[in-house]
Structures are given as structure tokens and as C-alpha cells.
Amino acid sequence: MKKTAVFPGSFDPFTIGHEAIINRALSMFDEIIIAVGANALKKSFYPVDTRKEMINKVFQNEPRVKVDHYEGLTVDFCKKNGAGFLLRGLRTAADFEFERAIAQVNKEMAPDIESVFILTVPEHAHINSTIVRDIIRSGGDASRFVPSSVNLKDYYGDEGL
Ligand code: ADP
């Protein structure tokens, strides 16, 4: 049976930390769906379509990676797409505590879906989308934190940068 994992997140924007988790997870799964959470109540920096476009660019030569967006429960998105695994990255003890609660609630709601965690490499432990966004907003060069195939100058965030 095909092993499909969903990698959910805001990806606002997608970073080299996210990219590394996907590249490592490709040895474990047949297909990975990167699912951009579209929360109408949560204000994002990049619009959902822009985030999807950036991620599609990164994996344009990797047919086993799909990019989609969703609203509602992550486990419902997994079921809809026949995915038995929920993939997440771990950087810190704080990440672990946060992820533990979500994974345990998800397990209760959807016992057939397994959460799988990949521990970040130390070089990426400090990289998070919030800091990357702040650098972009402040007019700094965030290119070293995003995949090399993404040229941040091609995309507009909510500050019109
Ligand atoms: P969320 O909005 O759900 O926190 P993010 O877009 O911040 O989602 O991240 C999605 C997933 O990628 C989460 O599991 C997060 O822990 C993981 N992640 C984010 N940055 C890194 C990184 N630098 N190294 C490893 N995993 C990361």
C-alpha cells in the first residue's frame, strides 16, 4: 500500500528547515503532501497561493511531493487524501511539548493516523518562519534561510515588499 504523509504547517514562508525535513522524509514515504493551513481568522504575511507557488518551485523536480492547502482539521485532510501519516519537525523541547499535545489529540480523533517526527539538524534548529518574516519586513536579506530555488524578490508579502 502506498505510504502517504501529510506535512501540515503555515509555511509563511517555507524555509530550508522545512525543505530538509521533506528531503529526509522522502526516504520513508512514497508521497508527501505539503498542506498549507489556510486559516481565514489568522492573518498571514504571504497569501496562501504565494506560499504554494514558492513550495511548488522548490519541489518542481520531485513528483513525489504534492502541495495543497486546507481549512479545518488536519486529520480530516489526511483522511480525504488517504494519508496514514502526519509528518512534523522538531527543533526544541518547546516544539516537543506543543507537538505532543496535538499528536495525542489527533490520535484520539483519528486512531489510524500515525504522527511521525523528524528531529532537525543542529544547523536548522534556530530557523523559524517568524524570524524570516521579520527580516523580510525589515528589508533584510533572508535568502540564506529559504531554499535556493526561491527568489524572495519575486514574491510580495502583506507589507508590499
Ligand atoms: P506551524 O504553523 O504549524 O507551526 P510551521 O510552518 O511553522 O507550522 O512549521 C511546520 C512544521 O515544520 C512544524 O512541524 C515545525 O516544527 C517544522 N519546522 C519549522 N521550522 C523547522 C526547522 N527549522 N527545522 C525543522 N523543522 C521545522
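Residues numbered from 1 in each chain as written. Predicted model: local features only at pLDDT ≥ 70, side-chain atom pairs only at ≥ 80, totals over all residues. Heavy atoms only, no water.

A few points about the layout of surface pockets
Any empty space left between the atoms is revealed when a probe the size of a water molecule rolls over them. Short version of the rule: Lining residues are defined by having an atom within 4 Å of a point belonging to a cavity or pocket. Those points lie on a 1 Å grid over the protein atoms alone, cavities being sets where a 1.4 Å probe fits but cannot get out and pockets being open sets with protein on both sides within 12 Å along at least five of seven lines. Grid points are joined across faces, edges and corners, and a volume is the space filled by probe spheres set on the points. When residues are grouped by polarity, Ala, Val, Leu, Ile, Met, Phe, Trp, Tyr, Cys and Pro land in nonpolar, Asp, Glu, Lys and Arg in charged, and all others, Gly among them, in polar.
Counted as a void, the largest pocket has a volume near 1,300 Å³. What lines the largest pocket is a set of 49 residues, and nearest its centre among them are Pro8, Gly9, Ser10, Lys42 and Arg88. Of the residues belonging to the lining of the largest pocket, the class tally is 19 nonpolar, 18 polar and twelve charged. Taken as a whole, the second largest pocket encloses approximately 270 Å³ of empty space. Lining the second largest pocket are 15 residues; nearest its centre among them are Ile136, Gly140, Ala142, Leu152 and Lys153. Looking at the lining of the second largest pocket residue by residue, the classes come out as eight nonpolar, five polar and two charged.

Observations concerning the sheet that holds strand β5 (residues 114–119)
Formally: A pair of strands is labelled paired if DSSP reports no fewer than 2 bridges between them. Numbering of helices and strands starts at the N terminus; helices are DSSP runs of H or I of at least 4 residues and strands are runs of E of at least 2. As a rule, the C-alpha atoms of each element are fitted with a line to give its axis, helices using only the stretch in contact, and angles between N-to-C directions run from 0 to 180 degrees.
Strand order in the open sheet formed by five strands is β3-β2-β1-β4-β5, and the pairing between neighbours is parallel. The strands lining the two open edges of the sheet, one partner per strand, are β3 (65–70) and β5. Going across the sheet, the axis of each strand differs from the next one's by a mean of 30°, ignoring polarity. Of the pairings in the sheet, the one linking strand β4 (residues 85–90) to β5 comprises six bridges and is parallel in character. Bridge assignment links Leu86 to a residue of β5, and that residue is Ser115.

Side note on a nonpolar patch on the surface
Where we set the bar: Note on patches: the residues involved have over 30% relative accessible area and no salt bridge, like charges join within 9 Å, and the nonpolar side chains Val, Leu, Ile, Met, Phe, Trp and Tyr join within 5 Å. Calculation of accessible area relied on Shrake-Rupley with a 1.4 Å probe; when residues are assessed, cover is drawn exclusively from the protein chains displayed. By definition here, a salt bridge exists when the distance from a side-chain nitrogen of Lys or Arg to a carboxyl oxygen of Asp or Glu is within 4 Å. Burial status follows relative accessibility: with a 1.4 Å probe on protein chains alone, a residue under 20% of its type maximum counts as buried, one over 50% as exposed, and anything between as partly exposed.
Judged by side-chain polarity, Leu73, Val105 and Met109 come together as a nonpolar surface patch covering roughly 250 Å² of accessible area. For Val105, the position within the fold is in helix α4 (residues 93–109). On the basis of relative accessibility, which here comes to 47%, the residue Val105 falls in the partly exposed class.

Re the site of the ligand
To keep things clear, this is the line we draw: One heavy atom within 4 Å of a molecule or strand makes the whole residue count as near it. Each polar contact in these results corresponds to two N or O atoms within 3.5 Å; when the atoms are within protein, one needs to be able to donate a hydrogen and the other to accept it, and residues that are neighboring in sequence are counted only if both atoms are side-chain atoms. For a molecule to be placed in a cavity or pocket, more than half of its atoms must lie within 2 Å of the grid points of that cavity or pocket.
Inspection of the region around the ligand gives 16 residues, with Ser10, Phe11, Gly89, His124 and Ile127 positioned closest. Phe11 is positioned with one of its backbone polar atoms (N or O) 2.9 Å from an oxygen atom of the ligand. Here a nitrogen atom of the ligand sits 2.9 Å away from a polar atom, N or O, in the main chain of Ile127. Relative to its free-state accessible area of 550 Å², the ligand is covered by the protein chains to the extent of 87%. Assessed atom by atom at 2 Å from the grid points, the ligand resides in the largest pocket. Counting only elements with at least two residues in the shell around the ligand, the list comes to β1 (4–9), α1 (16–25), β4 and α4. Of the residues contributing to the shell around the ligand, the split by class is five nonpolar, seven polar and four charged.

Thoughts on the pairing of β4
Where β1 meets β4, two bridges bridge the pair, whose relative direction is parallel. Looking at β4, one finds that Ala5 is bridged to Phe85.

Some remarks on the packing of aromatic side chains
What counts is decided by this rule: Any two rings among Phe, Tyr and Trp, with Trp reduced to its six-membered ring, count as a pair given centres within 6.5 Å; such a pair is stacked if its planes are under 30 degrees apart, edge-to-face if over 60, and tilted if neither.
Applying the stated criterion across every chain yields a total of six aromatic pairs. Seen from their ring centres, Phe45 and Tyr46 are 4.7 Å apart, and the 75° between their planes marks the pair as edge-to-face. Tyr46 sits in the buried class, given a relative accessible area of 1%. One aromatic cluster is present, formed by Phe7, Phe11, Phe14 and Phe59 through successive ring pairs.

Examining unusual backbone geometry
The omega angle of the peptide bond from Asp12 to Pro13 is 5°, so this bond is cis rather than trans. Structurally, Pro13 can be placed in the loop between β1 and α1. Here the phi dihedral of Phe11 falls at roughly 50°; this positive angle occurs in a residue that is not glycine. Position of Phe11 among the secondary structure elements: in the loop between β1 and α1. Take Phe11: its relative accessible area is 2%, and that puts it in the buried class.

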